[in-house]
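Next come the chains, spelled out residue by residue.
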Amino acid sequence: MDLGQLLTVQLPTLLAVVIGVPAVLAGYIVVGELLVRRLPDGAQPGVRPWIWVGPALVFIAIFLVYPVFGTVYRSLLGRDGSSFVALSNYGRVLGDSAVVTAIRDNIYWLLLYTLFALLFGLLMAVLSDRVRYETPVKSLIFMPMAISFTALAVIWKFMYSYQPPGEPQTGTLNAVLNGILHVQPITWIQDERVNNFALIAAAVWGITGFAMVILSASLKGIPGELLEAARVDGAGQITIFRRVILPLLMPTITVVATTLVIFALKAFDIVYVTTAGNFHTDVLANRMYKELYLAGNFANSSALAVILLIAVIPVLIFNLRQFRAVEGRR
Amino acid sequence: MSVARPEVAPPVEAAAAGITPRTILEWIGNLPLHVAIIGLTVAWIVPTVGLLVSSFRPLSAFATSGWWTALSPPFNFTLDNYQHILSTSNLGTSFFNSFMISIPATVIPATVAAFAAYAFSWMRFWGRDWIFLALVGLLAVPLQVTFIPILSMFTSLGLNGTFLGIWLAHTGYGLPFAIYLLANFFRALPADLFESAEIDGAGTLTVFFRIVLPLSVPALASLIIFQFLWVWNDLLVALIYLGGTPEVAPLTVTLANLVGSLGQGYQYLTAAAFLSMIVPLVVFFSLQRYFVRGILAGSVKG
């Protein structure tokens, strides 16, 4: 690292930004407010809110709203970006066998990642609720949430590492399989029978804490009297779980599931780092990245991005309904 | 689970009772539960512990034996992997770059979101509820849909491969969640607070800076931690807007590149990965409460 450059250019820049930007924004809001006060009393409530939401709306318009429309429009143009080709980009992309594989893998992700993260999350939430060392257990399960998917992928590359049979297995998983269960070592990352599931398992390891934390909070919200009443009526533990706890957790489970579905559709980092989409483990987000960055094909990558967007729309609509239902109850 | 819930004695009672035959019997009755929880927890931390231990093992040991062998004597640990990776890759620069990217990309959206969330919660304006609904919708939009137009825009403005570009992009991407989180909190503040402030003749600014912000420190802390970790851990956005420029690449991008390029020196990756995890882990273990609160507040609750 060039220390001179760091001390003379970058560090001062960072300081200037960290102190300067909030100062400028605070200045903006103060000046805006002073200007609003000079308006006639009747006009103030109409103008003031726009001063306050203005910067946010500008950012969101430039970085989210405009690009979504831009990408949809771009996906209808040819590779040169000038000829209108209607839906032919979509036809070509969907006819590409690599994309078909990516869609298949995304469906694996969607189903297995969501299901297992929920299962493990629910299991850990329910189990840990019954012991006194709940807090440290939960914080250890939750810890992978703090690290990047890139680091997570490296961790699991070592977990899955493979040596030819006969050599000492240095990867944890193959060592357990080979040393304890006497199973031949498996090339987890390359073997196309298992590699998608291996990558999804790594991702589940990372996200279970997320499901657990939300479900656990919801579990603690269930009134004790309710469980007590069920017990007095002679219900066993399993009946109480199935008939009382699970139905009460259902709204939360649904919310967590929708979030997980979005994560599954956007899966990128783990695939990019471990296999780069090789060995039939590609997913749409990585396909899109390849078309954009390696092939420089804006037509195909726009079409892929829009396909991702379309896949998310049912969840998006569900979220909006959910939100309105909650607002309606306020 | 055949274990009945009432058997778990309330903590206070148990502490008062000390160890009695009854508490020991309870423990034994609960044994399957304890085994299941501890077993799962141990299984959960093995991957991380394995990486951590591996990163301190000498090259010779790494290739011939698993990391667990290092846990028994003779203990043979070294810092060589860290020294090597820091001197041969630009991981050190990346470490700095990650701060350079994450701090402004947290401060800017948090400030902008605080203003907006205040307006959404306590001011009336045309289309307010619809705009807020649109924000909730935007929470689900895959960022991939935004890359191409923004790349073109950045190229024409000369912002590709610059910190400024990625600060702005992260601000835009982070705002819907940030506003959502803060507005939910601001809205829950008691209305009399605002009424009494108005009677005292305090202006909007005073109410915001003197009442709303100080009361919202927990929510702001959650947001700041959440956004900071999100940006620090982000790979995709950094690849897109900074990917081609190693001098400005954050840790995630450099680490991902090392996965592909290390070849023989594969084990140095352990040290590199752990270096990239230090800051998130410190933030996580010291401020876990706020992080969890941010996650709870962020889910669209039913």
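Residues numbered from 1 in each chain as written. Chains lettered and ligands numbered in written order. Predicted model: local features only at pLDDT ≥ 70, side-chain atom pairs only at ≥ 80, totals over all residues.

Counting secondary structure elements, chain A contains 13 helices and zero strands. Reading chain A from its N end, one meets helices and strands in the order α-α-α-α-α-α-α-α-α-α-α-α-α. The C-alpha atoms of chain A give a radius of gyration of 26 Å, which is well past the 20 Å a tight globule of 330 residues would have. Dimensions of chain A, computed from C-alpha atoms along their principal axes, come out at roughly 80 × 65 × 55 Å. Expressed as a percentage of the 330 residues in chain A, the buried residues total 42%. (Helix = DSSP H or I, 4+ residues; strand = E, 2+ residues; numbered from the N terminus. Rg over C-alpha atoms; globule rule 2.2 N^0.38 Å. Buried ≥ 20, exposed ≤ 12 C-beta atoms within 10 Å, placed from the backbone.)

Across its full length, chain B holds 16 helices and zero strands. The C-alpha atoms of chain B give 25 Å as radius of gyration, which overshoots the globular expectation for 302 residues (19 Å, by more than 25%). If you line up chain B on its principal axes, its C-alpha atoms span 70 × 65 × 30 Å. Out of the 302 residues belonging to chain B, those deemed buried represent 45%. If you take every contact in chain B between residues at least 6 apart in sequence, the share linking residues at least 24 apart comes to 74%. (Contact = placed C-beta atoms within 7 Å.)

Let's shift gears to the interface of chain B and chain A. Accessible area lost upon the coming together of the parts is a frequently used measure of interface size. Contact residues are listed per partner, giving 91 residues for chain B and 96 residues for chain A. By residue number, the principal contributor to the side of chain B that touches chain A is helix α3 (residues 31-55) of chain B, which donates 14 residues. Taken together, the residues that form the side of chain B that touches chain A break down as 62 nonpolar, 26 polar and three charged. (Nonpolar A, V, L, I, M, F, W, Y, C, P; charged D, E, K, R; others polar.)

Okay, the confidence of the model for chain B next. Model confidence for chain B is summarised by a mean pLDDT of 87, while 92% of its residues fall at 70 or above. We note a pTM of 0.91 for the whole complex and an ipTM of 0.92 for its interfaces. (pLDDT = per-residue confidence, 0-100.)

Turning our attention to the nonpolar core. By size, the foremost hydrophobic cluster in this structure holds 172 residues, and its most contacted members are A:Leu308, B:Ala113, B:Ala116, B:Ile179 and B:Leu182. Considering each element in turn, this core owes the most residues, 16 residues, to helix α10 (residues 163-187) of chain B. Counting the residues that make up this core, at least three belong to each of domain 1 (3-57) and domain 2 (98-329) of chain A. Those residues in contact with B:Leu182 that lie beyond four places of it in its chain are B:Ala113, B:Ala114, B:Ala117, B:Ala219 and B:Leu223. (Core = buried A, V, L, I, M, F, W, Y, C linked by C-beta atoms within 7 Å. Domains from an automatic or database assignment.)

Once that is clear, we can look at the domain arrangement of chain A. Splitting chain A by domain gives domain 1 (3-57) and domain 2 (98-329). The centre of domain 1 of chain A, based on its C-alpha atoms, is set 40 Å off from the matching centre of domain 2 of chain A.

Turning our attention to unusual backbone geometry. Cis geometry marks the peptide bond from B:Pro73 to B:Pro74; its omega dihedral reads -5 degrees. With phi around 60 degrees, A:His280 is a residue other than glycine that occupies positive phi space. Mapped onto the fold, A:His280 is located in the loop between α11 (269-274) and α12 (284-294). On the neighbour-count criterion, A:His280 (15 C-beta atoms within 10 Å) is partly exposed.

At their nearest, the axes of helix α13 (residues 298-329) of chain A and helix α9 (residues 144-157) of chain B sit 7 Å apart, and the two run at 145 degrees to each other. For the pair α13(A) and α9(B), the contacting residues are A:Phe298, A:Ser301, A:Ser302, A:Ala305, A:Val306, A:Leu308 and A:Leu309 in the first and B:Gln144, B:Val145 and B:Ile148 in the second. The residue makeup of the contact of α13(A) with α9(B), split by class, is seven nonpolar, three polar and no charged. (Axes fitted to C-alpha atoms, helices over the stretch in contact; angles between N-to-C directions.)

Here we come to the packing of helix α2 (residues 44-74) of chain A against α10(B). Contact pair α2(A) / α10(B): the axes reach a minimum separation of 8 Å and the direction vectors enclose 120 degrees. Relative to α10(B), the element α2(A) is oriented oblique. Helix-helix and strand crossings are classified by hand; for α2(A) and α10(B) the assignment is left-handed. Taking contact as the criterion, the partners of A:Ala56, A:Phe59, A:Ile60, A:Ile62, A:Phe63 and A:Leu64 in α2(A) are, on α10(B), B:Ala169, B:Thr171, B:Gly172, B:Tyr173, B:Leu175, B:Pro176 and B:Ile179. (Parallel < 35°, antiparallel > 145°, perpendicular 65-115°, else oblique. Left-handed = near helix turned anticlockwise from the far one by under 90°.)

Residue and element names in this part refer to chain B. Along its 25 residues, α3 runs 35 Å from first to last C-alpha, staying within 8% of the 36 Å computed at 1.5 Å per residue. Along α3, the largest kink reaches about 40 degrees and is centred on Val46; proline Pro47 follows within four residues of it. Within the span of α3, buried status applies to Ile37, Thr41, Trp44, Pro47, Thr48, Leu51, Ser54 and Ser55. (Expected span 1.5 Å × (residues − 1). Bend = angle between axes of the 7 residues up to and from the residue.)

As a further point, take the environment of A:Tyr162. All names here are of chain A. Mapped onto the secondary structure, Tyr162 falls in the loop between α6 (149-159) and α7 (172-180). Here Tyr162 falls in the partly exposed class, since 18 other C-beta atoms lie within 10 Å of it. Once the C-alpha coordinates of Tyr162 and Leu173 are considered, the two residues, 11 residues apart in sequence, prove to be 8.9 Å apart. Apart from the residues within four sequence positions on either side, Tyr162 is in contact with Gly171, Asn174, Pro185, Ile186, Thr187 and Trp188.

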